[in-house]
Amino acid sequence: MEDTAKQDLVFLELRRKLQSGILFISGDIAREGADVKVESQHDSLLNIQTADGSYQVNLTPGVSLVETSRQRSPGFSERGSHFRLRLRVEQESEAPRSVIGRLRVNVTYSFQCQSCGSMVLQDRAFGRVLPLPNGNWNALVDDWCCHPDPFANRKLLPRDGDCLLGDTFILLARDISCEQTLTREGNLSQKASAEQKRVSKRVMLSCTSCSAVLGEELSAEVLKFYITEILVKPGEDGGCDITRLSLEPKSDSIRQRFLEQTLASRLVELSSAQSIFRFSIQTPDSTAVILLWLLNTDTLVASFPGESFISTVDVHPREHQSCQAVQAVKVLYVLCSDSKLKDVVDVWEKDISVHPLPLPQSSCEELQKLLMSSTSRLPAFLRCMNSYQVAYMRM
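Residues numbered from 1 in each chain as written. Predicted model: local features only at pLDDT ≥ 70, side-chain atom pairs only at ≥ 80, totals over all residues. Heavy atoms only, no water.

> Got a minute to help me understand the sheet that holds strand 21 (residues 321-324) in this structure?
The strand order across the open sheet formed by 4 strands is 3-4-5-21, and the pairing between neighbours is mixed. With one partner strand each, in any of the chains shown, strand 3 (37-42) and strand 21 form the two edges of the open sheet. For this sheet, the mean angle separating the axes of adjacent strands, direction not counted, is 20°. Summarising the sheet, strand 5 (residues 53-58) and strand 21 pair through 4 bridges and their orientation is parallel. Across the sheet, residue Asn 58 finds its bridge partner in strand 21, namely Gln 324. (Pairing = 2+ DSSP bridges. Helix = DSSP H or I, 4+ residues; strand = E, 2+ residues; numbered from the N terminus. Axes fitted to C-alpha atoms, helices over the stretch in contact; angles between N-to-C directions.)

Structure (structure tokens):
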């Protein structure tokens, strides 16, 4: 795998359940062990002092460093040094919920294109907000039905006033308000292959303003929107966006941060509700792109990028920098396009416990780049685990 970003100068990973953590400091700023001093100035503030300057990490409330238990791991190399930390966790923080976890009945919502902010659907209230069956439910019908499949050739579709919740999408009944805001796309040329013609039966829905794919048209009356492509706002409070998360740092694009946080929150919800930890990220035609293994959900991470110090003003050596530790999930992943790992991909594809998560093709590609960038920024000794690459997705 090619590196897509320079390794972070400082990387901090904390585990709240284990009440421990690891701090890595690059050899670029920690040339000798004596150059580094790690201390807790006061509750929830970690100070890292090096010869080139100081780095401050604001921890979440209720998390602090147990200073007397800090141990530096043996050995120091030119690549950097790392420290083992012991924590005190006095209160747990809840993971932010995705839009699927926050939609409610009898609340008026407006739907916007995430890419450009254009209004797609306005003033929609739902009498019923219901979850769809598990993504593998169709494959299990024969195991618990003693008669022919009663659901064969039948789709679960919403009625007027319904909102049906999938793993990565929502189903809504079409109304007249979307006629001017959505564009239907699904035609192929006469020379298209048989497989392309089969896929072409899927009618994609795009934003009329910016042409971003938002979802699909399942029938003349039913729309499917992916949660990675839309913003949902309560109608009574246009300034309160239930899918808006803290979009930082500014060096990342808003789109990347939205995608990362939306999917990380959804992975936590699925693992908590259904005890699912292995996922197959797929395109709408069920082509697997990424195999994802959710490893930890109790992680806090903080880092300072290697390209430069972060500041809104001119920065000089020895000037202190600070950042906020954020909740994150730690994942292992495999890219299905990697021919060297074909055996791993084949095993996962045959395992019914692997949960499919469909996303638009463009979002699958964005997620792949996001994971690769996260991996390349990690210290070398943290980047892989057996056949899998390691990445962190911030919430």
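Let us keep going from here.
> What is the right way to read the pairing of strand 1 (residues 10-15) from this model?
Residues in a regular strand point their side chains to alternate faces of the sheet. Most of strand 1 is tucked away: 6 of the 6 residues are buried. Side chains Val 10, Leu 12 and Leu 14 project from strand 1 onto one buried face, and the interleaved Phe 11, Glu 13 and Arg 15 project onto a second face that is buried too. Where strand 1 meets strand 20 (residues 288-304), 6 bridges bridge the pair, whose relative direction is antiparallel. Following the sheet pairing, Arg 15 is matched in strand 20 by Thr 299. The pairing of strand 1 with strand 2 (residues 20-26) spans 6 bridges and is classified as antiparallel. Each bridged residue has a counterpart across the sheet, and for Arg 15 the counterpart in strand 2 is Ser 20. Connecting the antiparallel pair strand 1 and strand 2 is a turn made up of 4 residues, with Gln 19 showing a positive phi of about 55°. (Buried < 20%, exposed > 50% of the residue type's maximum accessible area, 1.4 Å probe, protein only.)

> Which parts of the structure should I look at to understand the pairing of strand 5?
Among the 6 residues of strand 5, 5 are classified as buried, and the element is accordingly described as predominantly covered. Counting the residues in the hairpin turn of strand 4 (residues 45-50) and strand 5 gives 2 residues.

> Would you mind going over unusual backbone geometry with me for this structure?
Trans peptide bonds make up the majority, and among non-glycine residues the majority have a negative phi. Even without being a glycine, Asn 106 presents a positive backbone phi close to 60°. In the Ramachandran plot, Asn 386 falls in the positive-phi region, its phi being about 55° despite a non-glycine side chain. With respect to the element layout, Asn 386 can be found in the loop between strand 24 (384-385) and strand 25 (388-394).

> I would appreciate a short explanation of a nonpolar patch on the surface in the present structure.
Residues Phe 277, Trp 293, Leu 295 and Met 385 make up a contiguous nonpolar surface patch of about 330 Å² in total accessible area. Within the secondary structure layout, Met 385 lies in strand 24. Overall, the relative accessible area of 35% leaves Met 385 in the partly exposed class. (Patch = residues over 30% accessible without salt bridge, like charges linked within 9 Å, V, L, I, M, F, W, Y side chains within 5 Å. Areas by Shrake-Rupley, 256 points an atom, 1.4 Å probe, with all protein chains shown as cover. Salt bridge = Lys/Arg side-chain N within 4 Å of Asp/Glu carboxyl O.)

> Looking at this structure, I do not really get the packing of aromatic side chains. What am I missing?
The description of an aromatic ring pair uses the distance of the two centres, along with the angle that the planes make with each other. Taken as a whole and assessed by the stated rule, the structure comprises 9 aromatic pairs. Centre to centre, the rings of Phe 11 and Tyr 392 are 5.5 Å apart; their planes meet at 55°, and the pair counts as tilted. Taken together, the residues Phe 11 in strand 1 and Tyr 392 in strand 25 connect sequence positions 381 residues apart. Pair check on accessibility: Phe 11 and Tyr 392 agree, each one buried. Consider the rings of Trp 293 and Tyr 388, whose centres lie 5.8 Å apart with planes at 85°: the pair is edge-to-face. Linking Trp 293 in strand 20 with Tyr 388 in strand 25, this pair joins segments that are 95 residues apart in sequence. The class for Tyr 388 is buried, based on a relative accessible area of 12%. Joined through ring pairs, the aromatic side chains of Tyr 109, Phe 111, Phe 126 and Phe 225 make up one cluster. One residue, Arg 278, lies across the ring of Trp 348, its end atom 4.9 Å from the ring centre. (Phe/Tyr/Trp six-rings, centres within 6.5 Å; stacked < 30°, edge-to-face > 60°. Lys NZ or Arg CZ within 6 Å of the ring centre and 35° of its normal.)

> Please explain the pattern of salt bridges as it appears in this structure.
Opposite charge on two side chains makes pairing possible when the charged atoms of those side chains draw close. For the coordinates displayed, the defined rule picks out 18 salt bridges. For Asp 8, the salt bridge goes to Arg 377, with nearest N and O atoms at 3.0 Å. Taken together, the positions of Asp 8 in the segment before strand 1 and Arg 377 in helix 5 (residues 361-377) put the pair 369 residues apart, joining distant regions of the chain. Note on accessibility: Asp 8 and Arg 377 belong to one class, buried. Across the pair Arg 15 and Asp 298 runs a salt bridge, and its minimum N-O distance is 2.6 Å. With Arg 15 in strand 1 and Asp 298 in strand 20, this residue pair connects regions lying 283 residues apart in the sequence. The burial state of Arg 15 is the same as that of Asp 298; both residues are buried. It is possible to trace a salt-bridge network through shared partners that takes in Arg 174, Glu 179, Arg 184 and Glu 217.

> Help me understand the nonpolar core, please; the structure alone is not making it clear to me.
Inside soluble globular proteins, nonpolar side chains tend to come together where they are buried. Within the largest apolar cluster, 26 residues are counted, with the highest numbers of intra-cluster contacts made by Ile 290, Leu 292, Leu 371 and Met 393. Contributing elements (two or more residues each) for this core: helix 3 (254-274), strand 19 (278-282), strand 20, strand 22 (326-335), helix 5 and strand 25. Among the elements that line this core, the one with the most residues is helix 3, at 6 residues. Apart from residues lying up to four places away in sequence, Leu 292 is in contact with Leu 267, Phe 277, Arg 278, Phe 279, Ile 281, Val 331, Leu 332, Tyr 333, Trp 348 and Leu 371. (Core = buried A, V, L, I, M, F, W, Y, C linked by side-chain atoms within 4.5 Å. Contact = heavy atoms within 4.5 Å.)

> What is the right way to read the sheet that holds strand 17 (residues 222-226) from this model?
Two strands in a sheet stick together by hydrogen bonds in their backbones, pointing the same way (parallel) or opposite ways (antiparallel). One open sheet holds the 7 strands; their spatial order is 11-12-13-17-16-15-14, and the pairing between them is mixed. A strand with exactly one partner marks an edge of an open sheet, and here the two such strands are strand 11 (128-131) and strand 14 (182-185). The average undirected angle you get between the axes of adjacent strands in this sheet is 25°. Relative to strand 15 (residues 203-207), strand 14 runs antiparallel, the two being bridged by 4 bridges. Each residue of the ladder has a partner; that of Glu 185, found in strand 15, is Met 204.

In short, geometric facts, not functional conclusions.
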